[in-house]
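Structure at a glance
What follows is the residue order along each chain.
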Amino acid sequence: EEEKNQLILQGAENKRVLKEIEDKILHVLSASEGNILEDEEGVKVLSASKVLSDDITEKQKLAEVTEIKIDEARIGYKPVAMHSTLLFFSVQDMANIDP
C-alpha cells in the first residue's frame, strides 16, 4: 500500500516536472528571434528537455507496471476479506442468540 502511495506521489511529481519543461520550451521558443536552430541556448534547452522527458516517460512506464502488480496482489486478498467479514458478523450475531 505504501509503495502504491509512493507511485502516486512520484507520478504527480513527474507531471509537475513535465509541465515545467513545457513552460521552459515555450519561453525559449517565444523569446527566440529568427531560426531556433541558430539559438545555441534554445537548442541546449530542447536537448536537455528531451533527455529529461524520456527519463520521466520510462519512470512512468515502470510505475504503471508496478501499479498493475500491486492491484493484482490486492485482488488476491479480496476472497479472504469477504470470508473474514462473514465470520466476524456471524460471531457477532451469536451474542444475540438466547442461551
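Quantities reported herein were computed from a predicted structural model and do not represent experimental measurements. (Residues numbered from 1 in each chain as written. Predicted model: local features only at pLDDT ≥ 70, side-chain atom pairs only at ≥ 80, totals over all residues. Heavy atoms only, no water.)

1. With respect to the packing of helix α1 (residues 2-31) against helix α2 (residues 40-94)
Packing of α1 against α2 brings their axes to within 9 Å, and their N-to-C directions diverge by 160°. With respect to α2, the element α1 is oriented roughly antiparallel. Of the two possible hands of crossing, α1 and α2 adopt the one that is left-handed. (Axes fitted to C-alpha atoms, helices over the stretch in contact; angles between N-to-C directions. Helix = DSSP H or I, 4+ residues; strand = E, 2+ residues; numbered from the N terminus. Parallel < 35°, antiparallel > 145°, perpendicular 65-115°, else oblique. Left-handed = near helix turned anticlockwise from the far one by under 90°.)

2. Comments concerning the side chain of serine 49
Topologically, serine 49 is positioned in helix α2. What makes serine 49 buried here is its relative accessible area of 7%. Residues in contact with serine 49, not counting those within four places in the same chain, are Ile21 and Ile25. (Buried < 20%, exposed > 50% of the residue type's maximum accessible area, 1.4 Å probe, protein only. Contact = heavy atoms within 4.5 Å.)

3. Concerning α2
Between its first and last C-alpha atoms α2 spans 79 Å; for 55 residues at 1.5 Å apiece the expected length is 81 Å, and the two agree. The largest bend along α2 reaches roughly 30° and is located at lysine 78, with the proline proline 79 sitting one to four residues downstream. Regarding α2, the residues found buried are Gly42, Val45, Ser49, Ile56, Ala63, Thr66 and Ile70. (Expected span 1.5 Å × (residues − 1). Bend = angle between axes of the 7 residues up to and from the residue.)

4. Here's the deal with the packing of aromatic side chains
Within a pair of aromatic rings, the relevant descriptors are the distance that separates the centres and the angle that separates the planes. Here the structure, examined in full by the defined rule, presents one aromatic pair. The interplanar angle of 80° and the centroid separation of 5.1 Å between the aromatic rings of phenylalanine 88 and phenylalanine 89 together place this pair among those described as edge-to-face. With a relative accessible area of 44%, phenylalanine 89 lands in the partly exposed category. (Phe/Tyr/Trp six-rings, centres within 6.5 Å; stacked < 30°, edge-to-face > 60°.)

5. Overview of the pattern of salt bridges
Taken as a whole, this structure holds eight salt bridges when the rule is applied. Measuring nitrogen to oxygen at the nearest pair gives 3.4 Å for the salt bridge that ties lysine 44 to glutamate 40. In this pair, lysine 44 and glutamate 40 are both assigned in helix α2, four residues apart and thus about one turn of the helix distant. Residue classification places glutamate 40 among the exposed positions, given a relative accessible area of 55%. Here lysine 50 makes a salt bridge to aspartate 54, at a shortest N to O gap of 3.4 Å. Taken as a pair, lysine 50 and aspartate 54 lie in helix α2 at a separation of four residues, close to a single helical turn. Aspartate 54 gets classed as partly exposed once you look at its relative accessible area, which sits at 39%. Three or more residues joined by partner-sharing salt bridges are found here, namely Lys4, Glu67 and Asp71. (Salt bridge = Lys/Arg side-chain N within 4 Å of Asp/Glu carboxyl O.)

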